[in-house]
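Here are the chains, one letter per residue:
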Amino acid sequence: MPFTFKRFHIDDSRCGMPVSTDGVLLGAWAPLAKAKSILDIGAGSGLLSLMAAQRSKACITAVELDPLAAADCLNNFSASPWSARLALVCTDIASYSAAQLESNSPRFEHIICNPPYFANGPQSDNSARATARHTDSLSFDTLLQCIKTLLADDGVVSLILPSESVAQLEAKLKHYQLALRGKLFAASVEGKVANRQILLLGHASNTFEATSIEQQLTIRQKNGQYSDEFIQLSQDFYLKL
C-alpha cells in the first residue's frame, strides 16, 4: 500500500515486499552519509535509494529484477526531489555486476541491501513476494560475489538480516575476501532478544575505521510505543515522529 514519508512518497502496490520497519531501520542507520556513489541491490519500491538520497549527496544506482517493482521504483524516483541523482537498472544483480566488470566501470563507495534470506520452507503464493524473500532468487554466494566485484577498495556494505540467517552469511565472507566491520543488534520489543542484525562489511584487505564494532537498538518499548532511540534515528522520515 502507498506510504508517505516526510520528504517523499512510496507506491509499492506492485512490489513483492511492502515498506517495512526493516527497510526504514537499514536506510536510517547505514553509515552512508559521506558516500559519493551508492548501489541499492534489490531496490524494490526504491525505499532505500530514496532514504539514501535524503541522507547524502550521492549518485545512487538501484538494481531491481522484477519489472513491475521496477516500474513502481521509477515512478517513486521521478516524483522525489532527488530524481537527478537516482538511476534504475531493471536486471538481476549478477548480470549487472558482469557488465560493470566488463566495462571497467567505477565501483561503489557504499552498497546497501535488504536481501532475500529464506533458504527453504514454504513460499508465498505471491510470486513477487516469494522472490523478494527466498534465496533461490539471490543466494548469499551470488550476493557476496557481486559485492566483491562492485565495492570500491575502501567501500562499505550495509545488509539487514534476521538473526537466524546471519551465521550462514558470515561463514561465507572469507571465501569472497570480505570481512565483518561492524554490527547493529536490533530487538523488536524491549526485553527481547535481537531478531534483526545490520552487518557492515568491507574488503578483508582494507583497514576499516568503524565508529563502533557493535551497537544495540530496541525498536519498541513494552507498551508498544517506539523507543526514544528509534525515534531519534527515524524522525527525519516518519510523518508522525
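See above for the structure.
Along each chain, the written sequence defines residue order, and numbers are assigned to residues from 1. Two thresholds apply to this predicted model, a pLDDT of at least 70 for residue-level local features and 80 or more for giving and counting side-chain atom pairs, whereas whole-chain, interface and lining totals are computed over all residues. Values shown for side chains rest on all heavy atoms present in the structure; no hydrogens or waters enter the calculation.

**Focus on the overall build of the chain**
Per the convention used, a helix needs a DSSP run of H or I reaching at least four residues, while a strand needs a run of E reaching at least two, with both numbered from the N terminus. Summing up its helical and strand segments, the chain has eight helices and 10 strands in all. Categorising residues by exposure relies on relative accessible area from a 1.4 Å probe, with only protein chains included: less than 20% of the type maximum marks a residue as buried, more than 50% marks it as exposed, and the intermediate range marks it as partly exposed. Residues counted as buried form 49% of the 241 residues belonging to the chain. Should any heavy atoms of two residues lie within 4.5 Å, those residues are considered in contact. Expressed as a percentage of contacts within the chain between residues at least 6 apart in sequence, the contacts between residues at least 24 apart total 68%. A total accessible area of about 11,600 Å² is found for the chain, and carbon and sulfur atoms account for 50% of it. Working definition of accessibility: Shrake-Rupley area with a 1.4 Å probe, residue cover restricted to the visible protein chains.

**Observations regarding the environment of leucine 26**
Relative to the helices and strands, leucine 26 resides in helix α1 (residues 21–29). For leucine 26, a relative accessible area of 0% puts it in the buried group. Separated by 173 residues in the primary sequence, leucine 26 and leucine 199 place their C-alpha atoms 9.7 Å from one another.

**A short note on unusual backbone geometry**
The phi dihedral of asparagine 104 falls on the positive side, at around 55 degrees, and the residue is not glycine. You can see asparagine 104 is positioned in the loop between α4 (93–102) and β6 (108–113). Overall, the relative accessible area of 69% leaves asparagine 104 in the exposed class. If you check the backbone angles, glutamine 177 has positive phi at about 55 degrees while not being a glycine.

**Observations concerning the pattern of salt bridges**
The term salt bridge refers to a side-chain nitrogen of Lys or Arg lying within 4 Å of a carboxyl oxygen of Asp or Glu. Tallied over the full model, the rule gives five salt bridges. The salt bridge involving aspartate 141 is made with lysine 172; its shortest N-O contact spans 3.0 Å. One end of the pair, aspartate 141, is in helix α6 (residues 140–150); the other, lysine 172, is in the loop between α7 (163–170) and β8 (178–189), and 31 residues separate them in sequence. Classification of aspartate 141 as partly exposed rests on a relative accessible area of 30%.

**Describing the sheet that holds strand β7 (residues 151–162)**
Strands sit in the order β5-β4-β3-β6-β7-β9-β8-β10 across an open sheet of eight strands; the sheet is mixed. For this open sheet the edge positions go to β5 (86–90) and β10 (214–220), each flanked by a neighbour on one side alone. Going across the sheet, the axis of each strand differs from the next one's by a mean of 20 degrees, ignoring polarity. At least two DSSP bridges between two strands are needed for those strands to be called paired. Direction of pairing for strand β3 (residues 37–41) relative to β6: parallel, over a ladder of four bridges. What sits directly across from isoleucine 41, in β6, is cysteine 113. Axis definition: a line fit to C-alpha positions, over the contact stretch in the case of helices; interaxial angles, taken between N-to-C directions, run 0 to 180 degrees.

**Some details on the nonpolar core**
Grouped together as the largest cluster of nonpolar side chains are 39 residues, with contacts concentrated most on Phe5, Phe8, Leu25, Ile38 and Leu47. When residues of this core are traced back to their parent elements, those giving at least two are α1, α2 (47–55), β4 (59–64), α3 (67–78), β7, β8, β9 (196–203) and β10. Broken down by element, this core gets its largest block of residues, six residues, from α2. Every residue in contact with leucine 47, bar those within four places of it in the chain, is listed here: Phe5, Phe8, Ile10, Val19, Gly23 and Val24. Of all hydrophobic cores here, the second largest spans 27 residues; its members include Ile41, Phe108, Leu151 and Leu159. Residue types Ala, Val, Leu, Ile, Met, Phe, Trp, Tyr and Cys, when buried and joined through side-chain atoms within 4.5 Å, form a set referred to as a nonpolar core.

**A few points about the pairing of β9**
Most of β9 is tucked away: eight of the eight residues are buried. Across six bridges, the pairing between β7 and β9 is antiparallel. Within β9, the residue paired with isoleucine 160 across the bridge is isoleucine 198. Sheet topology places β8 next to β9; eight bridges connect them, and they run antiparallel. Bridge assignment links alanine 186 to a residue of β9, and that residue is arginine 196. Following β8, the chain reverses through six residues before pairing antiparallel with β9; glycine 191 in that reversal takes a positive phi of roughly 90 degrees.

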